[in-house]
Amino acid sequence: MSNVTATGATYAVFGGVYNNWLALEATLDDAARRGARAVYCLGDLGGFGPHPDRVFPILRERGVIVMQGNYDHSIGHDLGDCGCGYTDPRDNHYAQVSYDYTRARTSASWRPWLRELPPTLRASFGSQRVLMAHGSPRRVNEFLWESTSPDPFVARMMTAHECDVLLVTHTGIPWQRRLADGRLVVNVGAIGRPANDGRRDVWYALVHERPGGGVDAELVPVAYDWEQLAAAMRAEALPAEFVETVETGWWTTCLEILPAKERARGRY
Amino acid sequence: MLFSIPVTARLPVLPLVPVLDDARAPAVPLTALDTVWFQLTGTLCNIACRHCFITCGPKETRVPMMDAARVRQFLDEAEALGARDYYFTGGEPMMHPEFWPLVDDTLARGPLTVLTNGILIDADAAARARRAFDRARYSLDLRVSLDGMSAEENDPVRGKGTFDEIVAGIAQLARAGLSPAITVVEHRAGMAAEAARTSFLAFARSLGLLHPRVKFLPLLRIGREERRTHGYGDDEVATLADLTLASEVIDAVVCSSSRLVTAHGVSTCPILLDAPDAVLGATLAESLRPIHLRWAACKTCVVEGLTCRT
């Protein structure tokens, strides 16, 4: 996936920081090394990991263009839950544990910034009209999984929202697909938590401009100091199940929302 | 009771009549046609559960089986409309003579969930399901209905001997490396309590499922269930009347983003199979309009949060 020769500009796009300031720094370093002209974050800065206040200054100081995920909306408005869109009681239990932690430890001074983040972003990469959304263009907490987002459905949504390239996150598992008519959909994954693939790396996307105005996407793994993150999570008494995910690369919670195909690839 | 009628005895199935008029029934817009349900075998089923809300059974042919060519026409239409996913239900959809070719044809277009009682899943069927699962680009999900962790709990509602047959079907899928979701109707109070959920998950794991999932469903007190216990009371209907639905409720109810296709046409939802007034047209295109929650059973979706989705 890494033998792409860029001739135009390259853009870095990531989502799902989940308080993981270590992966955020590693991702930004990686994007800089690869010559990214601009860096976009598709939201969900909190949840799962420790010390929520650490990610905000990094995003601000390093000029990341940030949009709002469901988590940021909830924390910004000081709501009672994350609005993640889970349906199973066990999933909701763990979501609530991590939401309550993040809510209690996010400084009030960051809430106005979180509240005012835009819900979607539009950009032009080459000649392509790019739409960035958190879950989907129509719903912040809609899950666009690879195995449950058929081409006609994606095409319908992209036509309705007038874009050639659609970039989303929210599910935590990256994938990309080129439609028959050349339009491109990319779920950029999440940098805060491994992708349930048994590796400790996290994933983000690079979008490369091509001669002629088109773009290609490249899904990029990033290594970071997961041992330091795991130690910090333990020190903060976050659930052992979350720490296990960081240490193994396998999801232990929020599993019920996975489609059968994605779930079958995981350990749990 | 001195002269009790066996509940499985066949009585005429009466049409489901609306309890509210459009003026008082909450309106639900169709936000998008995401999901298309197929009543593949109509009301034909290999068992006759006492709580079946659409009164299916081995002799129930009042809603006929769908012709495979007709299913494919609807799949074409759904695909052109940009549908997101598909469900096969019945009755028992695996009784359809072209079940597996239809599974493959549907999976070529999008993700498919099959609702089954699992009884027809032998080693061959499980291997066939595994091949379909592996070959398809989109997700194939199986949902097996089982109403208890023992024959004592399950068989009184699903029929004598069904516990063993269903569990055998689930075990076949597990041996083939598939993990169906198990759906449990809360036919007794407390079945969906947290401790019960945990033990049901452990039970599912004990059947060999690597990725156990359990979904609890509230009872729908129509069809045969109305005779097993009771129907909806006037006070329940009153909770529905004149209600303005919050946007989260509209998003959650199946009728805001789904339609049911049967041999009789396109209908509002899988629950209202016996409601002639819920038929919206002969094609999906004709069904793309707002509906009103005019039936007592709509209360279960709106107030108790039932969703037929997995």
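**Q** Tell me about the nonpolar core, and please be specific about residues and values.
**A** Of all hydrophobic cores here, the largest spans 173 residues; its most connected members are Val-13, Met-132 and Leu-167 of chain A together with Phe-38 of chain B. Considering each element in turn, this core owes the most residues, seven residues, to helix H1 (residues 21-33) of chain A. Contact partners of Met-132 of chain A, with chain neighbours within four places excluded, come to Val-13, Tyr-40, Leu-42, Met-67, Thr-120, Leu-121 and Leu-167 of chain A.

**Q** Explain the packing of helix H4 (residues 151-158) of chain B against helix H5 (residues 162-175) of chain B to me, and be specific about the residues and the numbers.
**A** Residues and elements named next belong to chain B. Here H4 crosses H5 at 105 degrees, and the two axes come no closer than 8 Å. Relative to H5, H4 is oriented roughly perpendicular. Touching Ala-151, Asn-154, Asp-155 and Arg-158 of H4 are Thr-162, Phe-163 and Asp-164, all from H5. Tallied by class, residues from the contact of H4 with H5 come to two nonpolar, two polar and three charged.

**Q** Quick rundown of the pairing of strand E4 (residues 120-125) of chain A? Include the residues and the values.
**A** Looking along a regular strand, one sees side chains alternate from face to face of the sheet. Residue and element names in this part refer to chain A. Direction of pairing for E4 relative to strand E5 (residues 128-133): antiparallel, over a ladder of six bridges. Its bridge partner being in E5, Ala-123 is matched across the sheet by Val-130. Counting the residues in the hairpin turn of E4 and E5 gives two residues, including Gly-126, whose phi is positive at 60 degrees.

**Q** Explain the sheet that holds strand E6 (residues 181-185) of chain B to me, and be specific about the residues and the numbers.
**A** All names here are of chain B. Taken together, nine strands build an open sheet; the order of strands is E7-E6-E5-E4-E3-E2-E8-E9-E10 and the sheet is mixed. Two strands bound the open sheet, and with one partner strand each, they are strand E7 (213-217) and strand E10 (279-281). For this sheet, the mean inter-axis angle between neighbouring strands, taken without regard to orientation, is 30 degrees. As paired strands, strand E4 (residues 112-116) and strand E5 (residues 140-145) are joined by five bridges and run parallel to one another. When the sheet's bridge partners are listed, Val-114 is paired in E5 with Leu-142.

**Q** Lay out the confidence of the model for chain B in plain terms, naming residues and giving numbers.
**A** When pLDDT is averaged along chain B, the result is 94, and 97% of the positions lie at 70 or above. Scored by ipTM, the complex comes to 0.92, with pTM at 0.94.

**Q** Describe the interface of chain B and chain A, listing the residues and the values that go with them.
**A** Every contact between the two is made by 17 residues of chain B and, on the other side, 15 residues of chain A. Every element with two or more residues in the side of chain B that touches chain A is listed here: E5 and helix H6 (194-206) of chain B. Split by residue class, the side of chain B that touches chain A holds four nonpolar, five polar and eight charged.

**Q** Break down the pairing of E5 of chain B for me, with residues and values.
**A** Residue and element names in this part refer to chain B. Among the six residues in E5, six count as buried, and that is most of the element. Residues of E5 alternate between two faces, with Leu-140, Leu-142 and Val-144 on one and Asp-141, Arg-143 and Ser-145 on the opposite face, all of them buried. Each parallel crossover has a hand, and for E4 linked through helix H3 (residues 123-135) to E5 it is right-handed. Across three bridges, the pairing between E5 and E6 is parallel. Bridging across to E6, Val-144 finds its partner in Ile-182.

**Q** Explain the sheet that holds strand E3 (residues 65-66) of chain A residue by residue, including any values.
**A** Residue and element names in this part refer to chain A. Strand order across the open sheet formed by five strands is E3-E2-E1-E9-E10, with mixed pairing between neighbours. Pairing within the sheet leaves two strands with one partner each, and these edge strands are E3 and strand E10 (215-222). The sheet strands contacting H1 are strand E1 (10-14), strand E2 (36-41), strand E9 (202-209) and E10, and the helix crosses E10 at an angle near 135 degrees.

**Q** Describe unusual backbone geometry, and please don't skip the residues or the numbers.
**A** The linkage connecting Gly-90 of chain B with the following residue, Gly-91 of chain B, adopts the cis geometry, with an omega of 15 degrees. Tracing the sequence through the fold places Gly-91 of chain B in the loop between strand E3 (85-89) and helix H2 (99-107). Of note in this structure, Tyr-18 of chain A is not a glycine but carries a positive phi near 50 degrees. Take Tyr-18 of chain A: it is sitting in the loop between E1 and H1. For Tyr-18 of chain A, a count of 25 C-beta atoms within 10 Å corresponds to the buried category. The backbone phi angle of Asp-44 of chain A is positive, close to 70 degrees, even though this residue is not glycine. Relative to the assigned elements, Asp-44 of chain A resides in the loop between E2 and helix H2 (55-61). Looking at Asp-44 of chain A, the number of C-beta atoms within 10 Å reads 30, which means it is buried.

What counts and what doesn't
- Residues numbered from 1 in each chain as written.
- Chains lettered and ligands numbered in written order.
- Predicted model: local features only at pLDDT ≥ 70, side-chain atom pairs only at ≥ 80, totals over all residues.
- Core = buried A, V, L, I, M, F, W, Y, C linked by C-beta atoms within 7 Å.
- Buried ≥ 20, exposed ≤ 12 C-beta atoms within 10 Å, placed from the backbone.
- Helix = DSSP H or I, 4+ residues; strand = E, 2+ residues; numbered from the N terminus.
- Contact = placed C-beta atoms within 7 Å.
- Axes fitted to C-alpha atoms, helices over the stretch in contact; angles between N-to-C directions.
- Parallel < 35°, antiparallel > 145°, perpendicular 65-115°, else oblique.
- Nonpolar A, V, L, I, M, F, W, Y, C, P; charged D, E, K, R; others polar.
- Pairing = 2+ DSSP bridges.
- pLDDT = per-residue confidence, 0-100.
- Right-handed = clockwise from strand over helix to strand, strands pointing away.

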